[in-house]
Amino acid sequence: MALMTTPNISDADGFYAALLAAHKGLSEAESHAMNARLVLVLANHIGDATVLQQALALAREGA
Amino acid sequence: MPYDYKPFAYTPPPGLTGAEPRHKVAIVGAGPIGLAMAIELANHGVSAVVLDDNNVVSVGSRAICWSKRSLEILDRLGVGERSVTKGVTWKVGRTFHREAEVFNFDLLPEDGHKMPAFVNLQQYYVEEYLVERAQEVGTDLRWKNKVVAVDRHARHAVLTVQTPDGDYQLEADWVIACDGARSPIRAMLGLEFEGELFEERFLIADIRMQADFPSERLFWFEPSFHAGQSALLHKQPDAIYRIDLQLGWDSDPEQERLPERIIPRIQKVVGHGDFTLDWTSIYTFQCRRLRSFVHGPVLFAGDSAHVVSPFGARGGNGGLGDVDALGWRLAAVVKGERPASVLAGYDRERVFGTDENLLNSSRSTRFMSPGDGVERLFRDAVLHLASRADFARPMVNSGRLSKPCVYPLSAPDDVALPEGSRPGAVAPDAPLGQGWLTEALGRDFCLLVLGQEAPAGTGLRVLSPDVTDPLRQRYLGQAAAATYLIRPDQVVAARWVNPDAAGIRAAVEAAWEGL
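Everything numeric here is computed off the predicted structure, so don't read it as measured data.

## Describing the pattern of salt bridges
All names here are of chain B. As enumerated under the stated definition, the model contains 43 salt bridges over all chains in all. D106 is the salt-bridge partner of K91, the closest N and O atoms lying 3.6 Å from each other. Highlighted residues: K91 in the loop between β4 (88-90) and β5 (92-97) and D106 in strand β6 (residues 100-106), separated in sequence by 15 residues. For R257, the salt bridge identified is with E254, shortest N-O distance 3.7 Å. Judged by relative accessible area, which is 40%, R257 ranks as partly exposed.

## A word on helix α4 (residues 123-136) of chain B
All names here are of chain B. In this model, α4 (14 residues) spans 20 Å end to end at C-alpha, consistent with the 20 Å of a helix rising 1.5 Å per residue. Listed in full, the buried residues belonging to α4 are Q123, Y124, Y125, V126, E127, Y129, L130, V131 and A134. Once α4 finishes, G138 follows within two positions and takes phi at roughly 85°, a positive value.

## Overview of the domain arrangement of chain B
By a frequent convention, interface size equals the accessible area lost on bringing the separate parts together. Residues and elements named next belong to chain B. In terms of domains, chain B is made up of domain 1 (14-89 + 120-192 + 288-357) and domain 2 (419-513). Each side of the interface is counted separately: domain 1 has 19 residues, and domain 2 has 15 residues. With both sides pooled, the region where domain 1 packs onto domain 2 buries about 1,500 Å², and carbon together with sulfur makes up 45% of that total. Three residues, R76, W328 and R338, lead the burial of domain 1 against domain 2; their summed loss comes to 39% of the area buried on that side. The tally of links from domain 1 across to domain 2 stands at two salt bridges. Of the charged contacts in the structure, one is a salt bridge between E349 and R487, with a shortest N-O distance of 2.7 Å. Taken together, the connections running from domain 1 to domain 2 amount to eight residue pairs in polar contact (both at pLDDT 80 or more). Broken down by secondary-structure element, the contributors of at least two residues to the side of domain 1 that touches domain 2 are α2 (68-77), α8 (316-334) and α9 (343-368).

## Some words on helix α7 (residues 259-270) of chain B
All names here are of chain B. With 12 residues, α7 should cover 16 Å at 1.5 Å per step; its first-to-last C-alpha distance of 16 Å lies within 8% of that length. All of the buried residues along α7 are I262, I266, V269 and V270. Buried residues in α7, looked at end-on, bunch into an arc of 75°, giving them a common side. Away from its buried face, by an angle of more than 90 degrees, α7 presents the exposed residues E260 and K268. Looking at the packing, one finds that the buried side of α7 touches β12 (194-208), β15 (240-246), α6 (253-256) and β16 (276-289).

## Considering the packing of aromatic side chains
Residues and elements named next belong to chain B. In this structure the tally under the stated criterion is 25 aromatic pairs over all chains. Residues Y125 and Y129 carry aromatic rings whose centres are separated by 6.2 Å and whose planes lie at 40° to one another, so their mutual orientation is tilted. Placement of the pair is Y125 and Y129 together in helix α4, with a separation of four residues, close to one helical turn. For the residue pair Y125 and Y129, the accessibility class agrees, reading buried in each case. Between the aromatic rings of F221 and F367, the centroid separation amounts to 5.4 Å while the plane-to-plane angle is 75°, which identifies the pairing as edge-to-face. Placement of the pair is F221 in strand β13 (residues 217-221) and F367 in helix α9, with a sequence separation of 146 residues. F367 gets classed as buried once you look at its relative accessible area, which sits at 10%. Put simply, the rings of F202, F219, F221, Y283, F285, F311 and F367 pair up and form one aromatic cluster. Its guanidinium or amino end placed over the ring of W249, R201 lies 4.4 Å from that ring's centre, counting from NZ or CZ.

## Some words on empty space enclosed by the protein
Residues and elements named next belong to chain B. As enumerated under the stated definition, the model contains two cavities of 30 Å³ or more in all. Size it by volume and the largest cavity reaches roughly 220 Å³. Taken together, 22 residues make up the lining of the largest cavity; nearest its centre are R69, G321, R350, P404 and C405. For the lining of the largest cavity, the secondary-structure elements that each account for two or more residues are α2, α8 and α9. Counted by class, the lining of the largest cavity contains eight nonpolar, eight polar and six charged residues.

Analysis parameters
Residues numbered from 1 in each chain as written. Chains lettered and ligands numbered in written order. Predicted model: local features only at pLDDT ≥ 70, side-chain atom pairs only at ≥ 80, totals over all residues. Heavy atoms only, no water. Salt bridge = Lys/Arg side-chain N within 4 Å of Asp/Glu carboxyl O. Helix = DSSP H or I, 4+ residues; strand = E, 2+ residues; numbered from the N terminus. Buried < 20%, exposed > 50% of the residue type's maximum accessible area, 1.4 Å probe, protein only. Expected span 1.5 Å × (residues − 1). Domains from an automatic or database assignment. Contact = heavy atoms within 4.5 Å. Buried area = accessible area lost by both parts, 1.4 Å probe. Polar contact = N/O pair within 3.5 Å; in protein donor to acceptor, adjacent residues only side chain to side chain. Arc of directions from axis to C-beta. Phe/Tyr/Trp six-rings, centres within 6.5 Å; stacked < 30°, edge-to-face > 60°. Lys NZ or Arg CZ within 6 Å of the ring centre and 35° of its normal. 1 Å grid on protein atoms, 1.4 Å probe; cavity = no way out; pocket = protein on both sides within 12 Å on 5 of 7 lines; lining within 4 Å. Points joined across faces, edges and corners; volume = space filled by probe spheres on them. Nonpolar A, V, L, I, M, F, W, Y, C, P; charged D, E, K, R; others polar.

In structure tokens, the structure reads:
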């Protein structure tokens, strides 16, 4: 399996808004903590080691 | 009753009054690894002289968790049953975050093994049993014999040994340094450890108290009784409990070792003051090893070769793994049956096993004691999620407990056979008649033949028991029959569904080199 890098979320603007809404009212530190939990939750959902490696590499690019 | 430390008698060694004949093997250090090494060699027909700078067993409990594999090795050495009888048997570990249990494990979920998953037993008992056994097999144990210099030659080494009556020189074909984490021999050879040093400080306290904690390993992250840190509790024999408390790198070790500091900390853990301190220690972590364990005539085994953090019980158990891999090979070299090059097999296999221990130990340490910033962020994220979602629980790492590694052998194998008994793995135990398979395997190469005839002409001892359910499950899987070649250290060397004598003979040769 390969990491999907083409659009896969039907309502991109809606998801972005939902992401911000989920963080609403959190301090910056609390938001970082929530993001860390979100990474773990989504990573477990994906599960596939190759996809996760590719995702880590893509996210790291340009950092 | 507190442990009764009885000093062992020092007797002036013959080397003080005249040159001794060159010894085959000198072992430096009469800790659990040095003593086990001497008995293992004796079992293979090689007598060793053991030199120790002290004359008592380990002061303090130190290594307490003996794994199933270690107990099987100790059993082969003659002290396994005694250790299990005296020790506290356990197999379940529970990990808590604050007050809630977030993860638990059962280390031996199936029956039909002689030895339990783990036994907690103070190192001083194990050493006491090993000393008695070493004496029974005729080991030359020399107390108050401190090695102060090593002179390496091409085919032997000369040790300068200090005694209460003066110095003498002792020559040996082989020297095994089992002299611990601060190994003086390592320093004398100018060898350095490589690896990580963790900036974390822990308090170990052995306390004596009447209590009814279960025979389980209990680990807490951020408990209310020790805010923001971690804590570990283990039950030992003689109403002694081991408590490990994380102190943080900012703590002052000189202050923390004072009883007036320790006692209030322990009171908060156990909820009362009705206990006595038996032994305490402050330690920092290291996860490091020598690049090679073989240095000409000087071999390293145990903590002198590698050190790990204690969470996972991979120190003492890792050292017994060294004994297991070295004994049969060195004995064959000493007896002239094999060239010294087979010791490369020891080096290769135990460096591999050590790296697995270091990896597990480093990961546990990193989880327990995360660096500031993102390490702590993810560690806390895992703990937060663990009580809410099952998937996060296996990420909670309070120590991955010692298991024997599976050596990476490129040996004959058959995909039809079960994974657990593949080449490189320790042969799984199973009931055998009135006894156990581990007892029947012995100290030599042998063939375990199930459901077929052993090929003629291998010259090997053959075990061909009736195929019981546990044997079928652990050694045959879906196959109707199989033949296993098992090494003297009970590691599966190779296996076949359709064996032939030539293939078996070739596999024996490869096994010496650990290929």
